[in-house]
Amino acid sequence: FLHKLVLGIETSCDDTAAAVVDETGNVLGEAIHSQTEVHLKTGGIIPPVAQQLHRENIQRIVQEALSVSKVSPSELSAIATTIKPGLALSLGVGLSFSLQLVDKFKKPFIPIHHMEAHALTIRLTNKVEFPFLVLLISGGHCLLALVKGVSDFLLLGKSLDIAPGDMLDKVARRLSLINHPECSTMSGGKAIEHLAKQGNRLHFDFTPPMQRAKNCDFSFTGLQHIIDKTIMQKEKEEGIEKGQILSSAADIAAAVQHTTACHIAKRTHRAILFCKQRDLLSQSNAVLVVSGGVASNLYIRKALEIVTNATQCTLLCPPPRLCTDNGVMIA
Ligand code: KG4
Ligand code: ZN
(Lines give C-alpha, C1' and ligand atoms only; values in the text may rest on other atoms or scores of the structure.)
(Ligands and ions follow the chains in the order given, each with its own letter.)
Protein backbone atom coordinates (compact mmCIF):
# COMPACT_ATOMS: atom_id res chain seq x y z
CA PHE A 1 0.00 0.00 0.00
CA LEU A 2 1.18 3.48 -0.88
CA HIS A 3 -1.05 5.16 1.65
CA LYS A 4 -1.19 4.93 5.39
CA LEU A 5 -4.21 2.99 6.57
CA VAL A 6 -6.19 3.67 9.74
CA LEU A 7 -8.75 1.40 11.37
CA GLY A 8 -11.48 3.34 13.17
CA ILE A 9 -13.65 1.83 15.90
CA GLU A 10 -16.81 3.44 17.32
CA THR A 11 -18.92 2.11 20.21
CA SER A 12 -19.87 5.26 22.15
CA CYS A 13 -23.63 4.76 22.09
CA ASP A 14 -25.79 2.15 20.37
CA ASP A 15 -23.93 1.46 17.13
CA THR A 16 -21.00 -0.90 16.84
CA ALA A 17 -19.06 0.46 13.87
CA ALA A 18 -15.65 0.06 12.22
CA ALA A 19 -13.98 1.29 9.04
CA VAL A 20 -10.65 1.40 7.27
CA VAL A 21 -9.76 4.75 5.69
CA ASP A 22 -6.54 5.77 3.95
CA GLU A 23 -4.73 9.05 4.55
CA THR A 24 -6.33 10.73 1.55
CA GLY A 25 -9.81 9.99 2.93
CA ASN A 26 -10.68 6.99 0.75
CA VAL A 27 -12.98 4.61 2.58
CA LEU A 28 -11.69 1.12 1.85
CA GLY A 29 -14.34 -0.69 3.82
CA GLU A 30 -16.78 -0.28 6.66
CA ALA A 31 -19.23 -2.26 8.75
CA ILE A 32 -21.87 -1.32 11.27
CA HIS A 33 -24.27 -3.09 13.60
CA SER A 34 -27.19 -0.99 14.82
CA GLN A 35 -28.95 -1.78 18.09
CA THR A 36 -31.90 0.53 17.32
CA GLU A 37 -34.41 -2.29 16.96
CA VAL A 38 -33.69 -3.66 20.44
CA HIS A 39 -33.75 -0.21 22.06
CA LEU A 40 -37.04 0.72 20.33
CA LYS A 41 -38.63 -2.28 22.06
CA THR A 42 -37.39 -1.29 25.52
CA GLY A 43 -38.33 2.35 24.93
CA GLY A 44 -34.78 3.68 25.25
CA ILE A 45 -31.17 2.62 25.62
CA ILE A 46 -30.40 0.53 28.71
CA PRO A 47 -26.60 0.83 29.11
CA PRO A 48 -25.85 -2.77 30.23
CA VAL A 49 -27.93 -4.06 27.29
CA ALA A 50 -26.01 -1.81 24.89
CA GLN A 51 -22.73 -3.04 26.40
CA GLN A 52 -23.71 -6.69 25.94
CA LEU A 53 -24.72 -6.09 22.30
CA HIS A 54 -21.41 -4.31 21.61
CA ARG A 55 -19.56 -7.29 23.11
CA GLU A 56 -21.48 -9.71 20.91
CA ASN A 57 -20.77 -7.77 17.72
CA ILE A 58 -17.45 -5.96 17.94
CA GLN A 59 -15.20 -8.79 16.74
CA ARG A 60 -17.42 -9.53 13.73
CA ILE A 61 -17.81 -5.86 12.76
CA VAL A 62 -14.07 -5.10 12.94
CA GLN A 63 -13.29 -8.28 11.00
CA GLU A 64 -15.86 -7.35 8.36
CA ALA A 65 -14.44 -3.83 7.93
CA LEU A 66 -10.94 -5.28 7.52
CA SER A 67 -11.96 -8.04 5.11
CA VAL A 68 -14.09 -5.74 2.90
CA SER A 69 -11.01 -3.47 2.76
CA LYS A 70 -8.77 -6.46 1.96
CA VAL A 71 -6.45 -5.23 4.70
CA SER A 72 -4.84 -7.39 7.35
CA PRO A 73 -4.26 -5.91 10.81
CA SER A 74 -0.50 -6.02 10.28
CA GLU A 75 -0.82 -3.60 7.32
CA LEU A 76 -2.50 -0.90 9.43
CA SER A 77 -0.60 2.27 10.31
CA ALA A 78 -2.71 2.99 13.38
CA ILE A 79 -5.88 2.13 15.25
CA ALA A 80 -8.23 4.99 16.15
CA THR A 81 -11.02 4.58 18.70
CA THR A 82 -13.65 6.78 20.30
CA ILE A 83 -12.67 7.36 23.92
CA LYS A 84 -15.27 10.04 24.85
CA PRO A 85 -17.93 11.32 25.25
CA GLY A 86 -20.57 8.59 25.41
CA LEU A 87 -21.97 5.82 27.55
CA ALA A 88 -19.13 4.56 29.75
CA LEU A 89 -20.14 0.91 29.40
CA SER A 90 -20.39 1.17 25.61
CA LEU A 91 -17.13 3.10 25.22
CA GLY A 92 -15.35 0.48 27.32
CA VAL A 93 -16.11 -2.34 24.87
CA GLY A 94 -14.57 -0.53 21.87
CA LEU A 95 -11.64 0.70 23.89
CA SER A 96 -10.64 -2.64 25.39
CA PHE A 97 -11.09 -4.40 22.05
CA SER A 98 -8.89 -1.90 20.24
CA LEU A 99 -6.25 -1.94 22.99
CA GLN A 100 -6.05 -5.72 22.52
CA LEU A 101 -5.43 -5.19 18.79
CA VAL A 102 -2.88 -2.45 19.53
CA ASP A 103 -1.04 -4.79 21.83
CA LYS A 104 -1.19 -7.83 19.57
CA PHE A 105 -0.14 -6.07 16.35
CA LYS A 106 2.06 -3.39 17.96
CA LYS A 107 0.24 -0.45 16.33
CA PRO A 108 0.00 3.18 17.43
CA PHE A 109 -3.27 4.05 19.16
CA ILE A 110 -5.16 7.27 18.33
CA PRO A 111 -7.76 8.34 20.92
CA ILE A 112 -10.70 10.11 19.28
CA HIS A 113 -13.19 12.62 20.67
CA HIS A 114 -16.56 11.57 19.25
CA MET A 115 -17.87 15.13 18.75
CA GLU A 116 -14.69 16.29 17.02
CA ALA A 117 -15.06 13.34 14.63
CA HIS A 118 -18.67 14.33 13.86
CA ALA A 119 -17.60 17.92 13.30
CA LEU A 120 -14.75 17.06 10.92
CA THR A 121 -16.59 14.42 8.85
CA ILE A 122 -17.77 16.96 6.26
CA ARG A 123 -14.15 17.28 5.10
CA LEU A 124 -14.32 13.73 3.72
CA THR A 125 -16.95 14.74 1.15
CA ASN A 126 -16.60 18.52 0.69
CA LYS A 127 -13.72 20.93 0.43
CA VAL A 128 -14.36 22.96 3.57
CA GLU A 129 -11.68 25.29 4.88
CA PHE A 130 -11.27 26.22 8.56
CA PRO A 131 -12.89 27.97 10.30
CA PHE A 132 -16.48 26.78 9.92
CA LEU A 133 -19.49 26.52 12.18
CA VAL A 134 -20.94 23.14 13.12
CA LEU A 135 -24.36 22.25 14.54
CA LEU A 136 -24.66 18.69 15.86
CA ILE A 137 -28.22 17.60 16.56
CA SER A 138 -29.10 13.98 17.30
CA GLY A 139 -30.58 11.76 19.98
CA GLY A 140 -27.55 12.23 22.20
CA HIS A 141 -25.91 15.42 20.92
CA CYS A 142 -26.85 19.07 20.78
CA LEU A 143 -24.11 21.62 20.31
CA LEU A 144 -22.90 24.55 18.28
CA ALA A 145 -19.15 24.95 17.83
CA LEU A 146 -16.68 26.93 15.79
CA VAL A 147 -14.19 24.55 14.17
CA LYS A 148 -10.92 26.47 13.90
CA GLY A 149 -8.68 23.50 13.08
CA VAL A 150 -8.39 19.71 13.30
CA SER A 151 -8.11 19.88 17.08
CA ASP A 152 -9.06 23.48 17.71
CA PHE A 153 -12.70 23.98 18.69
CA LEU A 154 -14.63 26.80 20.32
CA LEU A 155 -17.85 25.58 21.97
CA LEU A 156 -20.52 28.25 21.43
CA GLY A 157 -23.56 26.54 22.89
CA LYS A 158 -25.01 23.23 24.02
CA SER A 159 -28.21 21.79 25.39
CA LEU A 160 -28.70 22.51 29.08
CA ASP A 161 -30.74 19.31 29.38
CA ILE A 162 -31.62 16.76 26.69
CA ALA A 163 -30.91 16.61 22.94
CA PRO A 164 -33.64 17.37 20.37
CA GLY A 165 -33.75 13.78 19.06
CA ASP A 166 -34.24 12.54 22.60
CA MET A 167 -37.18 14.91 23.02
CA LEU A 168 -38.73 13.86 19.69
CA ASP A 169 -38.31 10.19 20.66
CA LYS A 170 -40.05 10.84 23.99
CA VAL A 171 -42.92 12.73 22.34
CA ALA A 172 -43.32 9.96 19.74
CA ARG A 173 -43.47 7.39 22.53
CA ARG A 174 -45.98 9.51 24.43
CA LEU A 175 -48.13 9.64 21.27
CA SER A 176 -47.79 5.83 20.91
CA LEU A 177 -46.59 6.25 17.34
CA ILE A 178 -45.06 2.79 17.53
CA ASN A 179 -48.70 1.60 17.17
CA HIS A 180 -49.32 3.83 14.15
CA PRO A 181 -49.60 1.73 10.97
CA GLU A 182 -47.45 4.16 8.96
CA CYS A 183 -44.68 4.82 11.50
CA SER A 184 -44.21 1.67 13.55
CA THR A 185 -40.69 0.99 12.27
CA MET A 186 -39.47 4.61 12.25
CA SER A 187 -37.32 6.34 14.87
CA GLY A 188 -39.29 8.83 16.98
CA GLY A 189 -37.97 11.83 15.07
CA LYS A 190 -38.73 10.31 11.71
CA ALA A 191 -42.24 9.35 12.84
CA ILE A 192 -42.89 12.95 13.95
CA GLU A 193 -41.67 14.26 10.59
CA HIS A 194 -43.84 11.77 8.71
CA LEU A 195 -46.98 12.53 10.71
CA ALA A 196 -46.38 16.29 10.71
CA LYS A 197 -46.95 16.34 6.93
CA GLN A 198 -50.58 15.35 7.57
CA GLY A 199 -51.13 17.86 10.37
CA ASN A 200 -51.79 21.55 10.86
CA ARG A 201 -49.20 23.15 13.12
CA LEU A 202 -51.45 26.13 13.86
CA HIS A 203 -53.84 23.98 15.89
CA PHE A 204 -51.34 23.96 18.77
CA ASP A 205 -49.10 26.69 20.05
CA PHE A 206 -45.89 25.69 21.81
CA THR A 207 -43.51 28.55 22.53
CA PRO A 208 -39.86 28.04 21.57
CA PRO A 209 -37.66 27.85 24.72
CA MET A 210 -35.02 30.39 25.85
CA GLN A 211 -36.23 33.24 23.66
CA ARG A 212 -34.54 35.83 25.83
CA ALA A 213 -31.35 33.95 26.69
CA LYS A 214 -28.38 35.90 25.38
CA ASN A 215 -26.28 32.88 24.48
CA CYS A 216 -26.33 29.99 22.03
CA ASP A 217 -27.50 27.27 24.43
CA PHE A 218 -30.51 25.02 23.90
CA SER A 219 -33.15 23.45 26.11
CA PHE A 220 -35.79 20.83 25.33
CA THR A 221 -37.04 19.49 28.66
CA GLY A 222 -39.43 22.37 29.39
CA LEU A 223 -40.91 22.09 25.91
CA GLN A 224 -41.27 18.34 26.36
CA HIS A 225 -43.24 18.80 29.60
CA ILE A 226 -45.61 21.29 27.97
CA ILE A 227 -46.19 18.87 25.10
CA ASP A 228 -46.79 16.03 27.59
CA LYS A 229 -49.39 18.12 29.38
CA THR A 230 -51.16 18.96 26.12
CA ILE A 231 -51.22 15.29 25.14
CA MET A 232 -52.66 14.35 28.53
CA GLN A 233 -55.41 16.94 28.13
CA LYS A 234 -56.28 15.74 24.64
CA GLU A 235 -56.36 12.12 25.81
CA LYS A 236 -58.92 13.10 28.45
CA GLU A 237 -60.97 15.06 25.93
CA GLU A 238 -61.00 12.26 23.39
CA GLY A 239 -61.40 9.57 26.05
CA ILE A 240 -58.85 7.24 24.48
CA GLU A 241 -57.18 4.17 25.98
CA LYS A 242 -53.46 3.80 26.63
CA GLY A 243 -51.66 2.94 23.40
CA GLN A 244 -54.32 4.36 21.08
CA ILE A 245 -53.50 7.22 18.70
CA LEU A 246 -55.00 10.66 19.31
CA SER A 247 -57.02 12.07 16.42
CA SER A 248 -54.98 15.26 16.88
CA ALA A 249 -51.61 13.39 16.82
CA ALA A 250 -50.65 14.78 13.40
CA ASP A 251 -51.43 18.36 14.46
CA ILE A 252 -49.37 17.91 17.62
CA ALA A 253 -46.50 16.41 15.60
CA ALA A 254 -46.58 19.38 13.20
CA ALA A 255 -46.53 21.91 16.05
CA VAL A 256 -43.74 20.05 17.88
CA GLN A 257 -41.63 19.89 14.73
CA HIS A 258 -42.21 23.58 14.02
CA THR A 259 -41.28 24.68 17.54
CA THR A 260 -38.18 22.46 17.53
CA ALA A 261 -37.12 23.90 14.17
CA CYS A 262 -37.67 27.49 15.39
CA HIS A 263 -35.61 26.94 18.52
CA ILE A 264 -32.71 25.31 16.67
CA ALA A 265 -32.77 27.94 13.91
CA LYS A 266 -32.84 30.87 16.35
CA ARG A 267 -29.92 29.60 18.43
CA THR A 268 -27.93 28.94 15.26
CA HIS A 269 -28.73 32.44 13.97
CA ARG A 270 -27.28 33.89 17.19
CA ALA A 271 -24.11 31.82 16.78
CA ILE A 272 -23.60 33.00 13.20
CA LEU A 273 -24.07 36.66 14.18
CA PHE A 274 -21.75 36.25 17.18
CA CYS A 275 -18.97 34.79 15.01
CA LYS A 276 -19.38 37.33 12.22
CA GLN A 277 -19.38 40.30 14.59
CA ARG A 278 -16.07 39.12 16.03
CA ASP A 279 -14.57 38.19 12.66
CA LEU A 280 -14.36 34.57 13.74
CA LEU A 281 -16.12 33.58 10.50
CA SER A 282 -15.77 34.93 6.98
CA GLN A 283 -18.24 37.74 6.22
CA SER A 284 -18.96 36.61 2.67
CA ASN A 285 -18.50 32.84 2.50
CA ALA A 286 -18.98 31.32 5.93
CA VAL A 287 -20.01 27.67 6.14
CA LEU A 288 -22.50 26.06 8.53
CA VAL A 289 -22.21 22.26 8.75
CA VAL A 290 -25.23 20.45 10.19
CA SER A 291 -24.95 16.82 11.20
CA GLY A 292 -26.59 14.17 13.40
CA GLY A 293 -29.80 12.16 13.03
CA VAL A 294 -32.07 15.19 13.52
CA ALA A 295 -30.29 16.93 10.62
CA SER A 296 -32.09 14.52 8.27
CA ASN A 297 -35.36 16.31 9.11
CA LEU A 298 -36.25 18.34 6.02
CA TYR A 299 -38.44 20.84 7.89
CA ILE A 300 -35.60 21.64 10.31
CA ARG A 301 -33.19 21.91 7.38
CA LYS A 302 -35.55 24.37 5.67
CA ALA A 303 -35.58 26.52 8.82
CA LEU A 304 -31.77 26.46 8.88
CA GLU A 305 -31.68 27.37 5.18
CA ILE A 306 -33.70 30.51 5.92
CA VAL A 307 -31.07 31.45 8.53
CA THR A 308 -28.08 30.74 6.29
CA ASN A 309 -29.64 32.58 3.34
CA ALA A 310 -30.29 35.62 5.50
CA THR A 311 -26.70 35.66 6.79
CA GLN A 312 -24.82 34.88 3.57
CA CYS A 313 -23.72 31.45 4.78
CA THR A 314 -23.54 28.14 2.98
CA LEU A 315 -25.37 25.23 4.57
CA LEU A 316 -23.70 21.83 4.21
CA CYS A 317 -24.81 18.41 5.48
CA PRO A 318 -22.75 15.23 5.20
CA PRO A 319 -24.60 12.41 3.42
CA PRO A 320 -27.01 10.61 5.81
CA ARG A 321 -24.73 7.56 6.34
CA LEU A 322 -21.99 9.90 7.63
CA CYS A 323 -24.42 12.05 9.67
CA THR A 324 -25.14 9.27 12.15
CA ASP A 325 -22.55 7.38 14.19
CA ASN A 326 -20.11 5.45 12.01
CA GLY A 327 -16.59 4.07 11.90
CA VAL A 328 -15.44 6.21 8.97
CA MET A 329 -15.52 9.45 10.96
CA ILE A 330 -13.36 7.89 13.65
CA ALA A 331 -10.81 6.53 11.17
O1 KG4 B 1 -27.31 10.50 14.99
P2 KG4 B 1 -28.27 9.46 15.40
O3 KG4 B 1 -28.54 8.30 14.50
O4 KG4 B 1 -27.86 8.80 16.78
C5 KG4 B 1 -27.47 9.51 17.90
O6 KG4 B 1 -28.39 10.01 18.59
O7 KG4 B 1 -26.26 9.57 18.14
O8 KG4 B 1 -29.63 10.21 15.73
C9 KG4 B 1 -30.78 9.53 16.13
C10 KG4 B 1 -31.78 10.55 16.52
C11 KG4 B 1 -33.02 9.95 17.14
O12 KG4 B 1 -33.37 10.68 18.28
C13 KG4 B 1 -34.07 10.12 16.06
O14 KG4 B 1 -35.37 10.27 16.56
C15 KG4 B 1 -33.60 11.36 15.35
O16 KG4 B 1 -32.19 11.30 15.37
N17 KG4 B 1 -34.07 11.41 13.97
C18 KG4 B 1 -34.86 12.39 13.48
C19 KG4 B 1 -35.15 12.04 12.15
N20 KG4 B 1 -34.53 10.86 11.87
C21 KG4 B 1 -33.87 10.50 13.00
N22 KG4 B 1 -35.32 13.50 14.05
C23 KG4 B 1 -36.09 14.30 13.31
N24 KG4 B 1 -36.42 14.04 12.03
C25 KG4 B 1 -35.99 12.93 11.40
N26 KG4 B 1 -36.33 12.68 10.14
ZN1 ZN C 1 -22.73 10.65 17.60
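A quick note: this is a predicted structure, and the numbers were derived from the prediction, not measured.

Chemist: A description of unusual backbone geometry should follow, citing residues and the corresponding values.
Modeler: Across the junction of Lys84 and Pro85, the peptide omega takes the value -15°, indicating a cis bond. For Pro85, the location among the structural elements is in the loop between strand E4 (78-84) and helix H3 (88-105). Non-glycine residue Ser176 carries a positive phi angle of around 55°. According to the C-beta neighbour criterion, Ser176 is partly exposed, with 17 such atoms within 10 Å.

Chemist: Lay out helix H2 (residues 47-69) with the relevant residues and their values.
Modeler: Residues separated by three or four positions in an α-helix point in the same direction, a consequence of the helix having 3.6 residues per turn. With 23 residues, H2 extends 31 Å between its outermost C-alpha atoms, agreeing within 8% with the 33 Å of an ideal straight helix rising 1.5 Å per residue. Bending of H2 peaks at approximately 45° at the position of Asn57. Those residues of H2 lying buried are Ala50, Leu53, His54, Asn57, Ile58, Ile61, Val62, Ala65, Leu66 and Ser69. Check the buried side of H2 and you find it contacts strand E1 (5-10), strand E2 (15-22), strand E3 (27-34), helix H1 (36-42) and H3. Two residues or fewer past H2, Lys70 is found with a positive phi of approximately 55°.

Chemist: Just give me the short version of the pairing of strand E6 (residues 132-137), but keep the residues and values in it.
Modeler: Across a regular strand the side chains alternate sides, sitting on one face of the sheet and then on the other. With respect to burial, E6 is a largely interior element, 6 of its 6 residues being buried. The side-chain alternation of E6 yields two buried faces, one formed by Phe132, Val134 and Leu136 and the other by Leu133, Leu135 and Ile137. With 6 bridges joining them, E6 and strand E7 (residues 142-149) adopt antiparallel strand pairing. Counterpart to Ile137 in the pairing with E7 is Cys142. What sits between the antiparallel neighbours E6 and E7 is a turn of 4 residues.

What counts, and where the lines are drawn
- Residues numbered from 1 in each chain as written.
- Chains lettered and ligands numbered in written order.
- Predicted model: local features only at pLDDT ≥ 70, side-chain atom pairs only at ≥ 80, totals over all residues.
- Helix = DSSP H or I, 4+ residues; strand = E, 2+ residues; numbered from the N terminus.
- Buried ≥ 20, exposed ≤ 12 C-beta atoms within 10 Å, placed from the backbone.
- Expected span 1.5 Å × (residues − 1).
- Bend = angle between axes of the 7 residues up to and from the residue.
- Contact = placed C-beta atoms within 7 Å.
- Pairing = 2+ DSSP bridges.

Any functional reading would require information that these geometric values do not contain.
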